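Here is how the chains run, residue by residue.
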Amino acid sequence: MGRFDHHHNERDVLRRGTLLRWPRATRSRMQRWVGARLRAVALPLTTAARSPVRGLSSTADAAPALTTHYKKVDRTGDERWVEIDMERFADETDLLIVGGGPAGLSAAIRFKQMCAEAGVDYRVTVIEKSSTLGGHTLSGAVLEPRALDELLPDWKERGAPLDTPVKTDTMGFLTETMRLPLPVLPGSPVDNHGNYVVRLGNFVSWLGEQAEEMGVDVYSGYGAVELLYHEDGSLKGVATTDVGVAKDGSPKPTFERGMELHAKATLLGEGCRGSLTKELVAQLGLDSESEAQTYGIGLKELWRIAPEKHKPGTVEHTAGWPMDSHTWGGSFLYHLDEPGDTLVSTGYVIGLDYTNPYLNPFLEFQRWKTHPAVCPTFEGGERLSYGARALNEGGLQCIPQLGFSGGALIGCSAGFLNVPKIKGTHTAMKSGMLAAEAAFAAMHALDDDAKEEVVPIEMSSYDKALKESWVWKELYEVRNVRPSAHTPLGMYGMFIYTGVVQWLLKGREPFTLSHGASDHERLRPAADCTPIEYPKPDNEVSFDLLSSVALTGTNHDHDQPAHLTLKDDSVPAARNFAIYDGPEQRFCPAGVYEYIHDDDAAPPRLQINAQNCIHCKTCDIKCPSQNIDWVTPESGGGPAYSGM
């Protein structure tokens, strides 16, 4: 058993995992598949790693068509593919988990615990698109250990990287020049007593180690790109990405087909706005009785600050400036306690229901750091890392049906973030644990013959279990906090509701507010809005986008189809630019989208710098035409966060 990282050498890969358990003929075929796949990824990844991040003004190598990805362009009848072997290797497992984050790994661990208790050995497989566990993980983060206490009560003895207990909680409201203190009431959602400041990527890596020790097969560097179904429409499993496809959609000499993974139950734990989750929810109508999800974008930096300014265990949050009263936004600043270092995690979250297309989340974050009450913390310090990620903010109203025949949604794929707490790791972990328990019960009840086949199990009991858990109670209590910002009072209405109604009634109010329109529908035409002037970066506290993206370690082979696909290549210029002045070029926190003016008399064209993508999913959410469809790139591409 072990972790299957795509960068291992072939001999190491063939010693690991379940390959040793397969029949000789199957092993031989799989060896050829693994070897070819490793050869296919080795050169592009090495080449890309030596290349700088693509410049935001580069027009080199522009493809004739923006969308050439095989997920969107049918290869049937394309003469370039006529002689190509399109057969996929297929493997079977009992429980398949897509996504090696807190929810997925907690599910794997809980399932294996139940196997040990029952004296059985069901196979559990986790696949993760990042080349390393935690490499795509980004969060503040303050961790509430409730779910961890339930999952691994001896986590301290196991060496969990929870080294910074919260000692001090502060909140403030910023005007343009002042910071007004706000109270942190004991027992309120923002009270962090008993919680820990963590680097969530490190925590995820540690969870992976615990899962491996229990016999979970972890395959990192393998993204799922396609859902597979049984003839009756139940979920059968997933297929991983093809490798060796050129940017124009043609096969390279190194082309190898992806692999199919079939399972009795497939748990989708892809994180916020997962590409397969989005497809599955639409395919099965899982959101027919829930509201459309609403989102935020969180931008984060890791800093090393001057020792005299470092206050280990201090948690600071602010609201107000630079956001106006009708735009959801707020900051965090967490002081870590790591031996011999003075690290702080800092960031800004902006609700993606904002209305002004000129708003630039990255530049708002940079501007926040220049506030007189904030700037001194960073002066004389060193910025080490940068990243961004979308997050679910809809809460209870937006949770879809979770279980279905053949699988379930877990973690941020479903959306369990507690918005006023600014926490979702504990609820994501608990959801994974409950899904694992439901899967084990259904699987263990099968007769002996069915246990030997890929028979889809029914997961509806997971919905019932979650609604009876503390996760549901917690989200029910705060269900009206986020939509209360949509009243005419805006953020002030949210402060009044949270400080009075929610504090007194704890969710017992006899009504549930609606979020209203979807995030992309709230964007107003550029003609109705005022452009926003942002200060130039000082390169000491605030920085430009290009140098920031370089700190993400993001890496994609340039010669592959863009995974930022468009439903219609004509829409960006004809609608998004014409009506909204091209908001893609501002809401993307990595400079992926750029409008190029080749001729002053002609409309601009959209250029997609897919190599810059840090997998935040903001474009898939906020595009006003819903024309952008994010799909999984090949071979572990994406950011390379280290303890973010």
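Quick caveat: nothing in here was measured; it's all calculated off a predicted structure.

## Digging into the pairing of strand S13 (residues 259–268)
Move 1: The buried fraction of S13 is high, at ten of ten residues.
Move 2: Bridge count for strand S1 (residues 89–98) against S13 is nine bridges, and the pairing is parallel. Following the sheet pairing, Val-98 is matched in S13 by Leu-268.
Move 3: As paired elements, S13 and strand S20 (residues 407–409) share three bridges and run parallel to each other. When the bridges of S20 are listed, Leu-268 appears paired with Leu-409.

## Thoughts on the packing of helix H3 (residues 102–118) against helix H9 (residues 425–444)
In helix packing, the relevant descriptors are the interaxial angle and the interaxial distance, both defined with respect to the helix axes.
Move 1: Where H3 meets H9, the axes come as close as 7 Å, and the angle between the chain directions of the two elements is 40°. Between H3 and H9, the interaxial angle falls into the category oblique. Two packed elements cross with a definite hand, and for H3 against H9 that hand is right-handed. Facing H3, whose interface residues are Pro-102, Ala-103, Ser-106, Ala-107, Arg-110, Phe-111, Met-114, Cys-115 and Ala-118, H9 presents Thr-425, Ala-428, Met-429, Ser-431, Gly-432, Met-433, Ala-436, Glu-437, Ala-439, Phe-440, Met-443 and His-444.

## So, the side chain of Arg-586
Move 1: Structurally, Arg-586 can be placed in helix H16 (residues 584–587).
Move 2: Looking at Arg-586, the relative accessible area reads 13%, which means it is buried.
Move 3: A distance of 2.6 Å separates a polar side-chain atom of Arg-586 from the backbone oxygen of Asp-581.
Move 4: With near-sequence residues (within four places) excluded, Arg-586 lies in contact with Pro-357, Tyr-358, Leu-359, Asn-360, Pro-361, Tyr-580 and Asp-581.

## Side note on the domain arrangement of the protein
Move 1: Taken domain by domain, the protein consists of domain 1 (67–161 + 200–290 + 400–478) and domain 2 (163–197 + 294–392 + 514–643).
Move 2: Placing a centre on the C-alpha atoms of domain 1 and another on those of domain 2 gives a separation of 26 Å.
Move 3: Facing the 54 residues of domain 1 at the interface are 54 residues of domain 2.
Move 4: Together domain 1 and domain 2 conceal approximately 4,200 Å² of surface at their shared face, both sides included; 52% is due to carbon and sulfur atoms.

## Thoughts on the sheet that holds strand S18 (residues 382–392)
Move 1: Taken together, the seven strands give an open sheet; going across it, the order is S6-S5-S15-S16-S17-S14-S18, and neighbouring strands pair in mixed fashion. The open sheet has two edge strands with one neighbour each: strand S6 (179–182) and S18. Across the sheet, the mean angle separating the axes of adjacent strands is 20° when strand polarity is ignored.
Move 2: Across seven bridges, the pairing between strand S5 (residues 168–174) and strand S15 (residues 314–320) is parallel. Looking across to S15, one finds that Phe-173 is bridged to Ala-319.
Move 3: Contacting S5, strand S14 (295–304), S15, strand S16 (329–335), strand S17 (343–351) and S18, helix H7 (residues 361–368) crosses the sheet at an angle of about 130° to S17.

## A closer look at the sheet that holds strand S4 (residues 164–165)
Move 1: If you trace the three strands from one edge of the open sheet to the other, you get S3-S7-S4, paired in antiparallel fashion. On the outer flanks of this sheet lie strand S3 (142–143) and S4, each paired with one strand and no other.
Move 2: As paired elements, S4 and strand S7 (residues 196–197) share two bridges and run antiparallel to each other. Note that in S7 the partner of Pro-165 across the bridge is Tyr-196.

About the thresholds
Note on numbering: residues in each chain are counted from 1, in written sequence order. Per-residue local features of the predicted model are confined to residues with pLDDT of at least 70, and side-chain atom pairs are confined, for both listing and counting, to 80 or more; whole-chain, interface and lining totals are unaffected and use all residues. No hydrogens and no water enter the side-chain calculation; it runs on all heavy atoms of the structure. Each residue's exposure class comes from its accessible area (1.4 Å probe, protein chains only) as a fraction of the maximum for that residue type: buried when under 20%, exposed when over 50%, partly exposed otherwise. Strands are runs of DSSP state E lasting at least 2 residues, helices are runs of H or I lasting at least 4, and numbering of each runs from the N terminus. Strands pair, by our definition, only if DSSP identifies at least two bridges between them. Inter-axis angles, ranging from 0 to 180 degrees, are taken between N-to-C directions of lines fitted to C-alpha atoms, where helices are fitted over the stretch in contact. Roughly parallel covers angles under 35 degrees, roughly antiparallel covers those over 145, roughly perpendicular covers 65 to 115, and oblique covers all other angles. Whether a crossing is left-handed or right-handed is set by the direction in which the near helix is turned from the far one by less than a right angle, anticlockwise for left-handed and clockwise for right-handed. Here, residues are in contact when the closest pair of their heavy atoms is within 4.5 Å. Think of a polar contact as two N or O atoms within 3.5 Å of one another; within protein, one of them needs to be a possible hydrogen donor and the other a possible acceptor, and neighboring residues in sequence only count if both atoms come from side chains. Domain extents, as shown, originate in an automatic or database domain assignment. Note on definitions: buried area is the accessible-area loss of two parts on being combined, 1.4 Å probe, summed for both.

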